[in-house]
Amino acid sequence: MLFNSKAKFFYNSEKHKLVAIVILCIASILLFHASDRYTLAQRNILQNTDFSQLGAHWTISGQAIRLTGDTERTLIITNQARGQTLITQSLREPQRFENIHVSLDMSLDKIDRGPGWWQQAGVILLGFDKHRKRMKYWPYRIALSSGTQPWKTYEAVIPVTNSMERLQLFLFHGGKSGLVQIKNLRVNAVSETIWFFATKVILIGLWIVTGLWVLVPPLIKRRKSLAAYLSFFTFIAMLFGSLMPQPELSEIARPAFQTLEKVSKPVEIAKKKSREMVSSKDQTASPSQNASSSQATKKSRTVELSPKLPNRMESDSRQYTAHFLSHGVLGFLVALAFR
């Protein structure tokens, strides 16, 4: 009798499964939004982040940068030449640290945003591999905005892996006009606390058990259903991908994204042609305007010592596309197999 009740609970307990999923969702949200999940490992891993040594240790691209204040310096960036005005600093061998915590205060004054993601104001932290290529599937955004806004505090924690050879911090203004102010910039190394790591491992285990609890009983009932087996193996693949470090996952997914890029290539060609038409119209300006613009470009080239920001960030679109496709496929297979 006891065995039959356990079997009935295992096979026919949809309400219990739903309650378990809701509880795990709430627990996951609370855990990953805990304020004390990180502990300080090393302070000020980048030099001169308070600008007490003026522009020392920073590479400056553009001439529209100045500092104000004595004890609490404020970095002011304008963009008079309509290009990319930025300052940057690199961190070599970031593998020494587990996570990088960046915090700052930023205010904006009439930042006129352009069509590209970089044509606004912000602070980003990019990771590069041994081939000097930007690492995909990696969080990079600390502050990124436009328009007008009062002083606001931004902070973000960027994880580090052994695949990273270099991290580069960019403070930039790519908008058409306006002014951005930055102060209280802090770059520290942090690590997960022991309680958070242990709780995360337990939570991952509970999610795995719950997933098997949801999928295995219907799979046993429908042994001859191909969709049931496909949904189970899709769940295992998604679970494996979520636990795998993102650089390795990116290498595995590379062929699929190359195919996706081929499909979307005609759209990119059309966008490129439209940009060329706009640039050809700009070239019809008066000779005096052309002369002044050529002088501005010459000046900017003399001080442009750092690489420009990439024209597009593939990580956002690729990551969202991959998540949408994987969850959509799993949902379709589950509905098809266990309807």
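Preceding this section is the structure that the text describes.
Let me begin by describing the structure that accompanies this report. Every chain begins its residue count from 1, and numbering advances along the sequence as written. Residue-level local features of this predicted model are given only where pLDDT is at least 70; pairs of side-chain atoms are given and counted only at 80 or more, and the full residue set underlies all totals for whole chains, interfaces and linings. Side-chain descriptors were evaluated using all non-hydrogen atoms of the structure, hydrogens and water having been removed beforehand.

## Focus: the nonpolar core
Moving on, step 1. Among buried residues, the Ala, Val, Leu, Ile, Met, Phe, Trp, Tyr and Cys ones that are joined through side-chain atoms within 4.5 Å form a nonpolar core. Working definition: with a 1.4 Å probe on protein chains only, accessible area under 20% of the residue-type maximum means buried, over 50% means exposed, and in between means partly exposed. Judged by nonpolar contacts, the single largest core of 35 residues is most densely connected at Ile-100, Val-102, Leu-104, Leu-169 and Leu-171.
Moving on, step 2. Within the residue set of this core, elements represented by two or more residues are strand E4 (74-78), strand E5 (85-92), strand E6 (99-111), strand E7 (121-128), strand E8 (141-145), strand E9 (147-159), strand E10 (166-173) and strand E11 (179-192).
Moving on, step 3. For helices the rule is a DSSP run of H or I covering at least 4 residues; for strands it is a run of E covering at least 2, with both sets numbered from the N terminus onward. Among the elements that make up this core, the one with the highest residue count is E6 (six residues).
Moving on, step 4. Beyond its immediate chain neighbours, meaning those up to four positions away, Val-102 contacts Leu-125, Ile-142, Tyr-154, Glu-155, Ala-156, Leu-169, Leu-185, Arg-186 and Val-187. Any pair of residues with heavy atoms lying within 4.5 Å of one another is described as a contacting pair.

## Description of the pattern of salt bridges
Moving on, step 1. Just to be clear on terms, a salt bridge is a Lys or Arg side-chain nitrogen sitting within 4 Å of an Asp or Glu carboxyl oxygen. All told, the structure shown has one salt bridge when counted by the stated rule.
Moving on, step 2. The salt bridge involving Glu-192 is made with Lys-200; its shortest N-O contact spans 3.1 Å. Each member of the pair, Glu-192 as well as Lys-200, carries the same accessibility label: buried.

## Quick word on the packing of aromatic side chains
Moving on, step 1. Pairing of aromatic rings covers Phe, Tyr and Trp, the last through its six-membered ring, and needs centres within 6.5 Å; plane angles under 30 degrees mean stacked, over 60 mean edge-to-face, and all others mean tilted. Within this structure, the stated rule accounts for four aromatic pairs.
Moving on, step 2. Residues Trp-195 and Phe-196 carry aromatic rings whose centres are separated by 6.0 Å and whose planes lie at 90° to one another, so their mutual orientation is edge-to-face.
Moving on, step 3. Residue class for Trp-195 comes out partly exposed when judged on its relative accessible area of 38%.
Moving on, step 4. On the accessibility criterion, Phe-196 (0% relative accessible area) is buried.

## Considering the pairing of E10
Taken residue by residue, a regular strand's side chains alternate between the two faces of the sheet.
Moving on, step 1. Along E10, eight of the eight residues are buried, which leaves the element largely enclosed by surrounding structure.
Moving on, step 2. By the alternation rule, side chains of E10 split into Arg-166, Gln-168, Phe-170 and Phe-172 and Leu-167, Leu-169, Leu-171 and His-173, which are all buried.
Moving on, step 3. Both E5 and E10 contribute to a ladder of eight bridges, which runs antiparallel. Considered in E10, the bridge of Thr-88 is made with Phe-170.
Moving on, step 4. When E7 meets E10, the two strands line up antiparallel, connected through eight bridges. When DSSP finds two or more bridges between two strands, those strands count as paired.

## Side note on a nonpolar patch on the surface
Moving on, step 1. Together, Leu-18, Val-22, Ile-26 and Leu-30 make up a nonpolar patch on the protein surface, roughly 400 Å² of accessible area in all.
Moving on, step 2. According to the relative accessible area criterion, Leu-30 is exposed, its value standing at 60%. Think of a patch as exposed residues, more than 30% relative accessible area, with no salt bridge, where like charges cluster within 9 Å and nonpolar side chains (Val, Leu, Ile, Met, Phe, Trp, Tyr) cluster within 5 Å. For accessible areas, the Shrake-Rupley method is used with a probe of radius 1.4 Å. Any residue's cover is judged against the shown protein chains and nothing else.

## A look at helix H4 (residues 226-243)
Moving on, step 1. A helix's residues, less one, multiplied by 1.5 Å, set its expected span. An ideal rise of 1.5 Å per residue puts 26 Å on 18 residues; H4 measures up with 26 Å between its terminal C-alpha atoms.
Moving on, step 2. Of the positions making up H4, those classed as buried are Ala-227, Ala-228, Ser-231, Phe-232, Thr-234, Phe-235, Met-238, Leu-239 and Gly-241.

## Regarding the packing of helix H3 (residues 194-221) against H4
Moving on, step 1. Note on geometry: axes are C-alpha line fits, over the in-contact stretch for helices, and angles between N-to-C directions span 0 to 180 degrees. Here H3 crosses H4 at 170°, and the two axes come no closer than 10 Å. As the angle between them shows, H3 and H4 are arranged roughly antiparallel. For the pair H3 and H4, contact is made by Ile-204, Ile-208, Gly-211, Leu-212, Leu-215, Val-216 and Leu-219 and by Ala-228, Tyr-229, Ser-231, Phe-232, Phe-235, Leu-239 and Leu-243, respectively. The labels follow the angle: roughly parallel below 35 degrees, roughly antiparallel above 145, roughly perpendicular from 65 to 115, and oblique for the rest.

## Let's talk about the sheet that holds strand E2 (residues 59-61)
Moving on, step 1. What the five strands build is an open sheet, ordered E2-E5-E10-E7-E8; its pairing is antiparallel. In this open sheet, the two edge strands, each paired with only one partner strand, are E2 and E8. Neighbour to neighbour, the strand axes of the sheet diverge by 25° on average, direction disregarded.

## Notes on unusual backbone geometry
Moving on, step 1. Unlike most non-glycine residues, Glu-93 shows phi in positive territory, near 50°.
Moving on, step 2. With respect to the helices, strands and loops of the structure, Glu-93 is situated in the loop between E5 and E6.
Moving on, step 3. Look at Asn-184: it is not a glycine, yet its phi comes out positive at around 55°.
Moving on, step 4. Looking at the element boundaries, Asn-184 is found in strand E11.

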